[in-house]
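Architecture and fold: a report
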Amino acid sequence: MSATMKRRDVVKTLLAERGDLLVVTGLGSATWDAAAAGDHVLTFPMWGAMGNAAMVGLGLALARPERRVLVLTGDGEMLMGIGSLATIAVQKPANLAIVVIDNEHFGETGMQKTHTAHGMDMAAVAKGCGIADSHVVRSAAELPALVKATRTARGPYFAQVKVVAEKLALTLPPRDGGLLKARFRRALLGESADTQ
Amino acid sequence: MSATASVDWSLAVHRTLKDAGVKIVGYVPDGGHKRLIELCHADAGMQTVVMTTEEEGIGLISGAWLGGEKSALLMQSSGVGNIINCLGMVAECRFPLVMLITMRGEYGEFNPWQVPMGQATQSVLEDMGVVVQRADAPEAIESAVNAALRLAYNSYCAVAVLIGQRVIGIKSFQEQVNQ
Ligand SMILES: Cc1ncc(C[n+]2csc(CCOP(=O)(O)OP(=O)(O)O)c2C)c(N)n1
């Protein structure tokens, strides 16, 4: 079954009316998708540390249990840290949702097929790790339910969203890691974060 | 148990972490950290996170600091080999990082497979911008951890405390096998 959804539409929908949602994006197109939807101080866009996006989300979710955390990443990035799904399942963060934008390719590096193109069912892996609320999302009709789950589901929540493999114009968020950290902390914790 | 283990450094380190306000402790176990891990698990004020690879710990501490919480990582020296690329994020973002690393592959090691990474641990960390402090006696560990926490959280540094294999005690091959 070939994918029909476009990644930019999915991410734009996920980030519309985001309220006080905290967002972490994984290295690869997810970071550019989120920037295309609009740079935001409460988005931490990762430009490196491939495989670590879900764990940054876990650390944030454990530190701020009263806030919702959404990790947006690619299938290749998630594969590199696939064990983190088991670690997250042990912690059971009720406020954490992970959405993998699955184009079945390593888009950044020349569109080589990833394991999901060869049949790996990542949602089944997440479920097997102990994240019971894990889903494959294939149609735009399912997007409203996906958005709702990222805002309200008792986490951890996992979705693998099948999208068309396409090479898109880059939209880049700021790159300076120190800036990205400081502006996120200040927006979340107030100015006292600067002197913590 | 080695003679030097009479100083209960694990208890002292747990207290030091607590006094510094550390709320999240991530680990891939090493025998040398056994008691400290148990103390952290038993502490309702600490979220203790068992990980599948040490690399996960770098994301964990980064996210925790984005959310305003202090954390620490426990690992064996071989685990340092698993975190190198992600230390780039720590350097670029200046995330405070405290790692308590029990050494293998040095003092009296019986397993040759531990030696290459053990011998490279300090220089690999330093190459990636981590400040390394060694503690080679049980009574030196608490103060080293205390200093590491201050350096990390007051001066926004990445700091590793290497707890020497001499402190953990040399086990014979048979004792290791039975452990
Ligand atoms: C440790 C490491 N290995 C390889 C790379 C090169 N790299 C950058 S992005 C990427 C692939 C990302 O793939 P995916 O998450 O599927 O992203 P998308 O297809 O959505 O762009 C790779 C392999 C890297 N940056 N770091």
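First, a word on what this report is: a plain description of the structure on this page.

Calculation notes
- Residues numbered from 1 in each chain as written.
- Chains lettered and ligands numbered in written order.
- Predicted model: local features only at pLDDT ≥ 70, side-chain atom pairs only at ≥ 80, totals over all residues.
- Heavy atoms only, no water.
- Helix = DSSP H or I, 4+ residues; strand = E, 2+ residues; numbered from the N terminus.
- Buried < 20%, exposed > 50% of the residue type's maximum accessible area, 1.4 Å probe, protein only.
- Contact = heavy atoms within 4.5 Å.
- Buried area = accessible area lost by both parts, 1.4 Å probe.
- Salt bridge = Lys/Arg side-chain N within 4 Å of Asp/Glu carboxyl O.
- Nonpolar A, V, L, I, M, F, W, Y, C, P; charged D, E, K, R; others polar.
- Near = heavy atom within 4 Å.
- Polar contact = N/O pair within 3.5 Å; in protein donor to acceptor, adjacent residues only side chain to side chain.
- Pairing = 2+ DSSP bridges.
- Right-handed = clockwise from strand over helix to strand, strands pointing away.
- Axes fitted to C-alpha atoms, helices over the stretch in contact; angles between N-to-C directions.
- Disulfide = S-S within 2.5 Å.
- Phe/Tyr/Trp six-rings, centres within 6.5 Å; stacked < 30°, edge-to-face > 60°.
- Lys NZ or Arg CZ within 6 Å of the ring centre and 35° of its normal.
- Expected span 1.5 Å × (residues − 1).

Along the backbone of chain B there are 9 helices and 6 strands. Dimensions of chain B, computed from C-alpha atoms along their principal axes, come out at roughly 45 × 35 × 25 Å. Taking all 179 residues of chain B together, 53% fall into the buried category. Restricting to contacts in chain B with at least 6 residues of sequence separation, those with at least 24 account for 76%.

Moving on to the interface of chain A and chain B. One frequently used descriptor of interface size is the decrease in accessible area upon assembly of the parts. The partner chain B presents 29 residues to the 30 residues of chain A that form the contact. When chain A packs against chain B, close to 2,300 Å² is buried across both sides, 59% of that on carbon and sulfur atoms. There are 0 salt bridges connecting chain A and chain B. Every element with two or more residues in the side of chain A that touches chain B is listed here: helix 3 (53-63), helix 5 (84-91) and helix 8 (177-189) of chain A. By residue class, the composition of the side of chain A that touches chain B is 15 nonpolar, 9 polar and 6 charged.

A separate point is the site of the ligand. What surrounds the ligand is a group of 17 residues, the closest being Ser29(A), Gly76(A), Glu77(A), His105(A) and Gly107(A). The ligand sits at a junction of chains, with neighbouring residues supplied by chains A and B. Contacts to the ligand include Arg7(A), whose side-chain N or O atom sits 3.2 Å from an oxygen atom. Gly76(A) is positioned such that a nitrogen or oxygen atom in its backbone is 2.8 Å from an oxygen atom of the ligand. Mapped by element, the contributors of at least two residues to the shell around the ligand are helix 4 (75-80) and strand 5 (105-106) of chain A. Grouping the amino acids of the shell around the ligand by side-chain chemistry returns 4 nonpolar, 9 polar and 4 charged.

Residue and element names in this part refer to chain A. Counting buried residues along strand 8 (residues 157-162), 6 of its 6 residues qualify, which places the element largely inside the surrounding structure. Because side chains alternate across strand 8, one face comprises the buried residues Tyr157, Ala159 and Val161, and the other comprises Phe158, Gln160 and Lys162, equally buried. Looking at chain direction, strand 4 (residues 96-102) and strand 8 are connected through 6 bridges and run parallel. Opposite Val99, over in strand 8, you have Ala159 as the bridge partner. Bridge count for strand 7 (residues 133-137) against strand 8 is 5 bridges, and the pairing is parallel. Looking at strand 8, one finds that Val137 is bridged to Val161. Considered for its hand, the β-α-β crossover made up of strand 7, helix 7 (residues 143-152) and strand 8 is right-handed.

Let's shift gears to the sheet that holds strand 4 (residues 97-102) of chain B. In a beta sheet, neighbouring strands are held together by backbone hydrogen bonds and run either parallel or antiparallel to one another. Residue and element names in this part refer to chain B. Ordered by their spatial adjacency, 6 strands build an open sheet running 2-1-3-4-6-5, and the pairing between neighbours is parallel. Edge positions in the sheet fall to strand 2 (47-50) and strand 5 (131-135), since each has one partner strand and no second. Between one strand axis and the next, the sheet turns through 20° on average, direction left out of account. Pairing between strand 4 and strand 6 (residues 158-163): 6 bridges, direction parallel. Pairing of Leu97 across the sheet is with Ala158, part of strand 6.

The next thing to look at is the environment of Thr13(A). Residues and elements named next belong to chain A. Locating Thr13 in the fold gives a position in helix 1 (residues 7-15). For the pair Thr13 and Pro45, spaced 32 residues apart in sequence, the C-alpha separation works out to 18 Å. Those residues within four positions of Thr13 in sequence are excluded, and the remaining contacts are Leu143 and Val147.

What follows deals with helix 2 (residues 29-37) of chain A. Residue and element names in this part refer to chain A. A large share of helix 2 lies buried, amounting to 7 of its 9 residues. Listed in full, the buried residues belonging to helix 2 are Ser29, Ala30, Thr31, Trp32, Asp33, Ala34 and Ala35. The inward-facing, buried residues of helix 2 abut helix 1, strand 1 (22-25), strand 2 (43-45), strand 3 (69-74) and strand 4. Following helix 2 by one or two positions, Gly38 adopts a phi angle in the positive range, close to 125°.

Applying the stated criterion across every chain, the model contains 0 disulfides over all chains. Counting only cysteine sulfurs, Cys86(B) is the nearest neighbor of Cys129(A), a cysteine outside any disulfide, at a range of 18 Å.

A cis geometry characterises the amide bond from Gly155(A) onward to Pro156(A), with omega recorded as 0°. Along the chain, Pro156(A) turns up in the loop between helix 7 and strand 8.

As a further point, take the packing of aromatic side chains. Tallied over the entire structure, the rule returns 3 aromatic pairs over all chains. Their ring planes at 55° and their centres at 5.4 Å tell us that Trp65(B) and Tyr153(B) sit as a pair that is tilted. Taken as a pair, Trp65(B) in helix 3 (residues 55-66) and Tyr153(B) in helix 7 (residues 138-155) lie far apart in primary sequence, 88 residues in all. When sorted by exposure, Trp65(B) lands in the same class as Tyr153(B), which is buried. We note Lys181(A) situated over the ring of Tyr156(B); from NZ or CZ to the ring centre the distance is 5.9 Å.

What follows is about helix 3 of chain B. Residue and element names in this part refer to chain B. A rise of 1.5 Å per residue sets the reference length of helix 3, with its 12 residues, at 16 Å; its end C-alpha atoms lie 18 Å apart and thus fit the reference within 8%. Counting buried residues in helix 3 gives 12 out of 12 residues, a clear majority hidden from the surface. Those residues of helix 3 lying buried are Glu55, Glu56, Gly57, Ile58, Gly59, Leu60, Ile61, Ser62, Gly63, Ala64, Trp65 and Leu66.

Don't take any of this as a statement about function, it's just geometry.
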